[in-house]
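Chain by chain, the residues:
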Amino acid sequence: MTANSRYKSRAPRAEDGEEKDYVGFATLPNQVHRKSVKKGFDFTLMVAGESGLGKSTLVNSLFLTDLHKDRKLLNAEERISQTVEITKHTVDIEEKGVKLKLTIVDTPGFGDAVNNTECWRNVTDYIDQQFEHYFRDESGLNRKNIQDNRVHCCLYFIPPFGHGLRPVDIEFMKALQEKVNVVPLIAKADCLTPSEIKKLKERLREEIDKLGIKIYQFPDCDSDEDDEFKRQDKELKESSPFAVIGSNTVVEARGQRVRGRLYPWGIVEVENPSHCDFVKLRTMLIRTHMHDLKDITSDVHYENHRAQSIQTMTSKMNADKRVESPIPILPLSTPDVETEKLIKMKDDELRRMQQMLQKMQQQMHEQDL
Amino acid sequence: MAANDGDVFAHEEKRNLELGGHVGFDSLPDQLVSKSVAQGFCFNILCVGETGIGKSTLMNTLFNTTFENEEASHYQTEVQLRPQTYDLQESNVNLKLTAVHTVGFGDQINKEQSYKPILEYIDTQFERYLEEELKIKRSLFNCHDTRIHICLYFIAPTGHSLKSLDLVTMKKLDSKVNIIPVIAKADTVSKGELDKLKIKIMSELVSNGVQIYQFPTEDEAVAEINNSMNTHLPFAVVGSLEDVKVGNKMVKARLYPWGSVQVENENHCDFVKLREMLLRVNMEDLREQTHARHYELYRRCKLEEMGFKDTDPDSHSFSLQDTYEAKRKEFLVDLQHKEEEMRQMFVNKVKETEAELKEKEKELHERFEQLKRMHQDEKKNLEEKRRELEEEMNAFNRRKVAAETLMGQALQGCSQPFKKDKDKKNFFSLPSACSLTSGRNLN
């Protein structure tokens, strides 16, 4: 009651007549905004690709921090038979009161060894692990402080030196397409002229379509959005995969200090849309689609994983009657087990009901007495 | 006398003589040059690098022409080599250029076998030359020398260092061919990064014992320039065939939104240095090195494998002919030996089989005898039994006849009772007799 009155007082009193029809839930977005600012956000970003393609530099440029100080880079000899590691860096950054807990998952060693068979195994295992973890947390009894460590987005760096996708790229993306949102990027795009970039993007789009690789698709904007937004959205979709350039250094160009790379023949500005698609990537990743990435991770990838997980568990349980379900789940519709379980449930219910009845009768009895 | 002359020539000291006038043999180099120009030169380049790294473009830029080539796909299951031969001419010098490119290098997921096709190709070219050399009727001056004179190894500009595949491949190739490493697509590496990268690459090569081609510094004419070039290895190159207007000239360059990379500008990349070194200064040296060092090494290994030695245990020098003869004899002796062995084996086998067969025959005989004996025994038994049976039958018949006569008598004088008793007795005796016989029969 008090809440309503509080909001009512803030309602626009354009005309007296309108005040009667104004309920006040139009302020819900504000409430959501406030609550979310207080809670803070978290985002887990994975970067994958061969060494030397500029992953760390790009992450630094995206979030305008220096995440990787004192990195140890291996020699070629050491990398001949290197395995893929998974490293995590977590930072808390804040902007205008909005807190973001950013986790960057790096995959050093990917594609570096001479024999790269199944080098994505560690990566897929890591993602599955995070899903498992969340699954257990979600099914636990105390769900107050669930930490969401699931990977929300995977940026895959494609080298610009080739003619298109290489076998290792295809295998990796195929292995990960069902588990995480894969966003392919063309790395080190300052080695391609604009016409070459166009050709390469077309090539990549064609190959991705042909091979049926499911990369992250931007959601279609609603038809009632304004034209500016629609145009932006269309541009975004047409420039996928993004050709990016990253830089750790600030240079002076056209009288301004910008992030860029200094060459004898010119200066490449990272944030210049005509030089590369870095701005588009940043807009997409951080400014507009971050939450959509999280939603798809939890609605699609995580649910798939959960369903599969439960299926394997119940099939195990069916095979061995003594295994108890470690988490509370509803029975699946398998013909053999369904009726049995139903009967069991109904029996339990009946028993409980009877017990309750008895107790009530006793109570009544005592009261009468 | 001839022997003495030979000795005299061997021990005579060489003296330097002064010339009184101009003789004219200073034109020898010119004669050589005109001869080789008439013959034409041949040069073979091998380009090793990942698909799409710019090998074909660099070749085109180096020789200022468009060699035909198709874009390779990334999905080759094995590394292949694609040789192409061209005839070029520049101011009356003919050059037969063979450019060999690797197709599919670095694309496979498992790259452990990637270096093998390259090694095989190089060895095949050496083998072909060796065969030609060892022929009886040979035409070395006419034959097309396909041995690889130079291998340009294209390193991807990842910015950190060599890739593991690069290191492994270069180690395998450095004893077979002259390697010059180049950093491809160098317009993606800024100046500071480039210096660091070059230092890192060279230090890795040195620490792993990879011998790349060093430009020769003995000849004074080119020593200085070669020396300085040696410090600029690996060359950072950019290739392009497109003409771009810079200032008021048309130059070969790559046009970017932020500027244009001029291929022939020494500040932008090392293309000019590479062209100088490769084509204008050291081409002949490369061919010499291939022949004198790499080919000789290959030849020595191959011949040693075949069993030839330069000196035998008694340290007399062998001539090739003697070695051949010795080998031939050895081979024939070996052959005879093997024949003997085989014959021996055959004879042994035959004997063995014969012995076996004989034994089997004996066995069969024995069995036969045994069976025969058994048969006879059985027969005897049966005969005995028959006799007994007949006797009994006779006995039975006699009694039967006796009983009948008695019965007949009994019927005639039926009032006499003790005859009945007798009969009865006889009757009783009959069955008893029968039972006796039957008892005996049972026995």
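Conventions adopted
- Residues numbered from 1 in each chain as written.
- Chains lettered and ligands numbered in written order.
- Predicted model: local features only at pLDDT ≥ 70, side-chain atom pairs only at ≥ 80, totals over all residues.
- Heavy atoms only, no water.
- Core = buried A, V, L, I, M, F, W, Y, C linked by side-chain atoms within 4.5 Å.
- Buried < 20%, exposed > 50% of the residue type's maximum accessible area, 1.4 Å probe, protein only.
- Helix = DSSP H or I, 4+ residues; strand = E, 2+ residues; numbered from the N terminus.
- UniProt positions renumbered as here; feature names shortened; annotations may be inferred.
- pLDDT = per-residue confidence, 0-100.
- Contact = heavy atoms within 4.5 Å.
- Expected span 1.5 Å × (residues − 1).
- Bend = angle between axes of the 7 residues up to and from the residue.
- Pairing = 2+ DSSP bridges.
- Axes fitted to C-alpha atoms, helices over the stretch in contact; angles between N-to-C directions.
- Right-handed = clockwise from strand over helix to strand, strands pointing away.
- Patch = residues over 30% accessible without salt bridge, like charges linked within 9 Å, V, L, I, M, F, W, Y side chains within 5 Å.
- Areas by Shrake-Rupley, 256 points an atom, 1.4 Å probe, with all protein chains shown as cover.
- Salt bridge = Lys/Arg side-chain N within 4 Å of Asp/Glu carboxyl O.
- Lys, Arg positive; Asp, Glu negative; His and termini not counted.
- Charge placed at Lys NZ, Arg CZ, Asp CG, Glu CD.
- Buried area = accessible area lost by both parts, 1.4 Å probe.
- Polar contact = N/O pair within 3.5 Å; in protein donor to acceptor, adjacent residues only side chain to side chain.
- Phe/Tyr/Trp six-rings, centres within 6.5 Å; stacked < 30°, edge-to-face > 60°.

Thoughts on the nonpolar core
The nonpolar side chains of soluble globular proteins are, as a tendency, buried together.
And step 1. Counting residues in each nonpolar core, the largest one holds 152 residues, and the members touching the most others are Leu155 of chain A together with Ile180 and Phe235 of chain B.
And step 2. The element contributing the most residues to this core is helix α4 (residues 115–134) of chain B, with 8 residues.

Digging into the UniProt feature "coiled-coil region" (unreviewed entry) in chain B
And step 1. The UniProt record marks residues 343–406 of chain B with the feature "coiled-coil region" (unreviewed entry), using the residue numbering of this structure.
And step 2. Across residues 343–406 of chain B, helical content stands at 100% and strand content at 0%; the span's end C-alpha atoms are separated by 95 Å.

Considering the confidence of the model for chain B
All names here are of chain B.
And step 1. Looking at chain B as a whole, its pLDDT mean stands at 82, while 87% of the residues score no less than 70.
And step 2. Residue range residues 313–317 is modelled with pLDDT below 50. Its contacts to residues more than four positions away, or to other chains, number 2 contacts.
And step 3. Contacts of residues 427–443 to residues separated by more than four positions or lying in other chains number 13 contacts, the stretch itself having pLDDT below 50.
And step 4. Across the whole predicted complex the pTM is 0.70, and at the interface the ipTM reaches 0.72.

Details of helix α10 (residues 290–319) of chain A
An α-helical segment advances 3.6 residues per turn. Residues three or four places apart therefore align on the same side.
And step 1. Its 30 residues give α10 of chain A an end-to-end C-alpha distance of 42 Å, which sits within 8% of 44 Å, the value for a rise of 1.5 Å per residue.
And step 2. Where α10 of chain A bends most, the angle comes to about 35°, and this point is Tyr302 of chain A.

Focus on the sheet that holds strand β8 (residues 249–256) of chain B
Strand-to-strand pairing in sheets goes through backbone hydrogen bonds, with the strands running parallel or antiparallel.
Residue and element names in this part refer to chain B.
And step 1. Taken together, the 3 strands give an open sheet; going across it, the order is β7-β8-β9, and neighbouring strands pair in antiparallel fashion. Among the strands making up the open sheet, the edge pair consists of β7 (243–246) and β9 (259–262). For this sheet, the mean angle separating the axes of adjacent strands, direction not counted, is 70°.
And step 2. Sheet analysis places β7 next to β8, joined by 4 bridges and oriented antiparallel. Across the sheet, residue Val244 finds its bridge partner in β8, namely Val251.

Brief notes about the pairing of strand β4 (residues 150–155) of chain B
Look at any regular strand and the pattern is simple: side chains alternate between the two faces of the sheet.
Residues and elements named next belong to chain B.
And step 1. Judged by how many residues are buried, β4 sits mostly within the fold: 6 of 6 residues are covered.
And step 2. Because side chains alternate across β4, one face comprises the buried residues Ile150, Leu152 and Phe154, and the other comprises Cys151, Tyr153 and Ile155, equally buried.
And step 3. Relative to β4, strand β1 (residues 41–48) runs parallel, the two sharing 4 bridges. Paired with Ile45 across the strands is Ile150, a residue of β4.
And step 4. Of the strand pairs in this sheet, β4 and strand β5 (residues 179–183) are connected by 5 bridges, and their pairing is parallel. Its bridge partner being in β5, Ile155 is matched across the sheet by Ile183.
And step 5. As a crossover connection, the stretch from β4 through helix α5 (residues 164–173) into β5 is right-handed.

Observations concerning a negative patch on the surface
And step 1. Taken together, Glu352, Glu356, Glu359, Glu363, Glu366 and Glu369 of chain B make up a surface patch of like negative charges.
And step 2. Relative to the elements of secondary structure, Glu356 of chain B occurs in helix α10 (residues 320–412).

A closer look at the interface of chain B and chain A
And step 1. On the chain A side, the residues contacting the 45 residues of chain B number 51 residues.
And step 2. Summed over both sides, the interface between chain B and chain A buries roughly 4,000 Å², with carbon and sulfur atoms accounting for 56% of that surface.
And step 3. Joining chain B to chain A, the criterion identifies 3 salt bridges.
And step 4. Where Arg261 of chain A meets Glu193 of chain B, a salt bridge forms, and the shortest distance between an N and an O atom there is 2.9 Å.
And step 5. If you look at where chain B meets chain A, you find 17 residue pairs in polar contact (both at pLDDT 80 or more).
And step 6. Broken down by secondary-structure element, the contributors of at least two residues to the side of chain B that touches chain A are α5, α6 (191–207), β8 and β9 of chain B.

Some words on the pattern of salt bridges
And step 1. On inspection of all chains with the given rule, the structure shows 34 salt bridges over all chains.
And step 2. One salt bridge in this structure joins Arg166 of chain A and Glu50 of chain A, with 3.0 Å as the shortest N-O distance. Placement of Arg166 of chain A in the loop between β4 (153–158) and α6 (167–176) and of Glu50 of chain A in the loop between β1 (41–48) and α4 (55–63) is noted, with a sequence separation of 116 residues between them. Comparing Arg166 of chain A with Glu50 of chain A shows no difference in burial state: the two are buried.
And step 3. A salt bridge links Lys201 of chain A to Asp277 of chain A, with the shortest nitrogen-to-oxygen separation between them at 2.5 Å. With Lys201 of chain A in helix α7 (residues 194–211) and Asp277 of chain A in the loop between β9 (266–269) and α9 (278–288), this pair connects stretches of sequence that are 76 residues apart.
And step 4. Taken together, the salt bridges that share partners define one network made up of Glu50, Arg166 and Asp169 of chain A together with Glu50 and Lys163 of chain B.

Looking at unusual backbone geometry
And step 1. Backbone torsion omega between Leu233 of chain B and Pro234 of chain B reads -10°, so that peptide bond is classified as cis.
And step 2. Not every positive phi belongs to a glycine, and Lys188 of chain A is a case in point at roughly 45°.
And step 3. Residue Lys188 of chain A is classed as buried on the basis of its relative accessible area of 19%.
And step 4. In this structure, Asn64 of chain B is a non-glycine residue whose phi angle is positive, near 55°.

Structural notes on the UniProt feature "site: Important for dimerization" (unreviewed entry) in chain A
And step 1. Per the UniProt entry, the sites bearing "site: Important for dimerization" (unreviewed entry) are Phe161 of chain A in this numbering.
And step 2. You can see Phe161 of chain A is positioned in the loop between β4 and α6.
And step 3. The residues contacting Phe161 of chain A, other than those within four sequence positions of it, are Cys191 of chain A together with Thr51, Gly52, Ile53, Ala156, Pro157, Lys185 and Thr188 of chain B.

Thoughts on the side chain of Thr61 of chain B
Residues and elements named next belong to chain B.
And step 1. The residue Thr61 is located in helix α3 (residues 55–63) in this model.
And step 2. Thr61 gets classed as buried once you look at its relative accessible area, which sits at 0%.
And step 3. Among residues more than four places away in sequence, those in contact with Thr61 are Gly239, Ser240, Leu241, Lys252, Val263 and Phe271.

Some words on the packing of aromatic side chains
Residues and elements named next belong to chain B.
And step 1. Taken as a whole and judged by the stated rule, the model has 13 aromatic pairs over all chains.
And step 2. Between Phe105 and Tyr153, the aromatic rings sit 6.3 Å apart at their centres with planes inclined by 90°, giving edge-to-face as the arrangement. Remark: Tyr153 occurs in strand β4 and Phe105 occurs in the loop between β3 (93–103) and α4; sequence separation between them is 48 residues.
And step 3. Geometrically, the ring pair formed by Phe215 and Phe235 is stacked, given 6.3 Å between the ring centres and 25° between the ring planes. In this pair, Phe215 is assigned in the loop between α6 and α7 (220–230) and Phe235 in strand β6 (residues 235–236), connecting sequence segments 20 residues apart. Side by side, Phe215 and Phe235 carry an identical accessibility label, which is buried.
And step 4. Through pairs of rings, three or more aromatic residues link up here, namely Phe126, Tyr129, Tyr295 and Tyr298.

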